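Structural overview for review
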Amino acid sequence: QVQLVESGGGLVQPGGSLRLSCAASGFTFTFSSAAVSWYRQAPGKERELVAGIINTGGSTNYADSVKGRFTISRDNAKNTVYLQMNSLIPEDTDIYFCNLRWTVRSYWGQGTQVTVSS
């Protein structure tokens, strides 16, 4: 059973940085063949895509609101995907979720809270 565990969230002041991690386990396929994305969701709002990284080629995509501030990367040897978040603003406050897709299957982590406040 695939498990995704997010970590690295917390409280940070505006202008600060955080690095989120998404560690995957329990899968039978090659991690590098999976596409992994970060989403975020505020209470009462729809979950929105923040950033994604596809399989071995490593191509990335970002929401317009985070371009130039966030960077997604992966370490296939550690079965982990990262989201480096710089120049954080209060509007980035949300629960951040990791999503892994492989063929037609999709898996979600439990989420990690990010709060940007002075």
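Residues numbered from 1 in each chain as written. Predicted model: local features only at pLDDT ≥ 70, side-chain atom pairs only at ≥ 80, totals over all residues. Heavy atoms only, no water.

Focus on the pattern of salt bridges
Put simply, the rule is: Salt bridge, as used here: a side-chain nitrogen of Lys or Arg that lies within 4 Å of a carboxyl oxygen of Asp or Glu. Strands here mean DSSP runs of E at least two residues long; helices mean DSSP runs of H or I at least four residues long; both are numbered from the N terminus. With a 1.4 Å probe rolled over the protein chains alone, any residue whose accessible area is under 20% of its type maximum counts as buried; one over 50% counts as exposed, and the rest are partly exposed.
This model, assessed by the stated rule, comprises five salt bridges. Among the salt bridges present, the one from Asp-94 reaches Arg-40, with a minimum N-O distance of 3.7 Å. One end of the pair, Asp-94, is in strand 9 (residues 94-102); the other, Arg-40, is in strand 4 (residues 35-41), with 54 residues separating them in the sequence. Salt-bridge contacts for Arg-69 lead to Asp-92; the nearest nitrogen and oxygen are separated by 2.7 Å. Of this pair, Arg-69 sits in the loop between strand 6 (60-62) and strand 7 (70-75) while Asp-92 is found in the loop between strand 8 (80-85) and strand 9, placing the two residues 23 residues apart along the sequence. Pair check on accessibility: Arg-69 and Asp-92 agree, each one buried. In this structure, a network of salt bridges that share partners links the residues Arg-40, Glu-48, Arg-69, Asp-92 and Asp-94.

Quick word on the state of the cysteines
Just so we agree on the cut-off: Two cysteine sulfurs form what is called a disulfide whenever their separation falls within 2.5 Å.
The tally for this structure, following the rule as stated, stands at one disulfide. Put simply, Cys-22 and Cys-98 are joined by a disulfide, and their sulfur atoms are 2.0 Å apart. On the S-S bond that ties Cys-22 to Cys-98, the torsion sits near -75 degrees, and the link is left-handed. Of this pair, Cys-22 sits in strand 3 (residues 18-25) while Cys-98 sits in strand 9, and the two are 76 residues apart along the sequence. Cys-22 sits in the buried class, given a relative accessible area of 2%.

Notes on the sheet that holds strand 1 (residues 3-7)
We count it as follows: Strands were regarded as paired on the criterion that DSSP finds at least two bridges between them. Helix axes are fitted to C-alpha atoms over the stretch in contact, other axes to C-alpha atoms as well, and angles between N-to-C directions run from 0 to 180 degrees.
Reading across the sheet, the four strands line up as 1-3-8-7 and stay open at both edges, with antiparallel pairing between neighbours. The open sheet is flanked by strand 1 and strand 7, the only strands paired with a single partner. The mean inter-strand angle of the sheet, taken between neighbouring strand axes irrespective of direction, is 15 degrees. Both strand 7 and strand 8 contribute to a ladder of six bridges, which runs antiparallel.

Observations concerning the pairing of strand 9
Pairing of strand 4 with strand 9 involves seven bridges; the strand directions are antiparallel. Bridge assignment links Val-36 to a residue of strand 9, and that residue is Leu-100. Of the pairings in the sheet, the one linking strand 9 to strand 11 (residues 112-116) comprises three bridges and is antiparallel in character. Directly across from Tyr-96, in strand 11, lies its bridge partner Thr-112.

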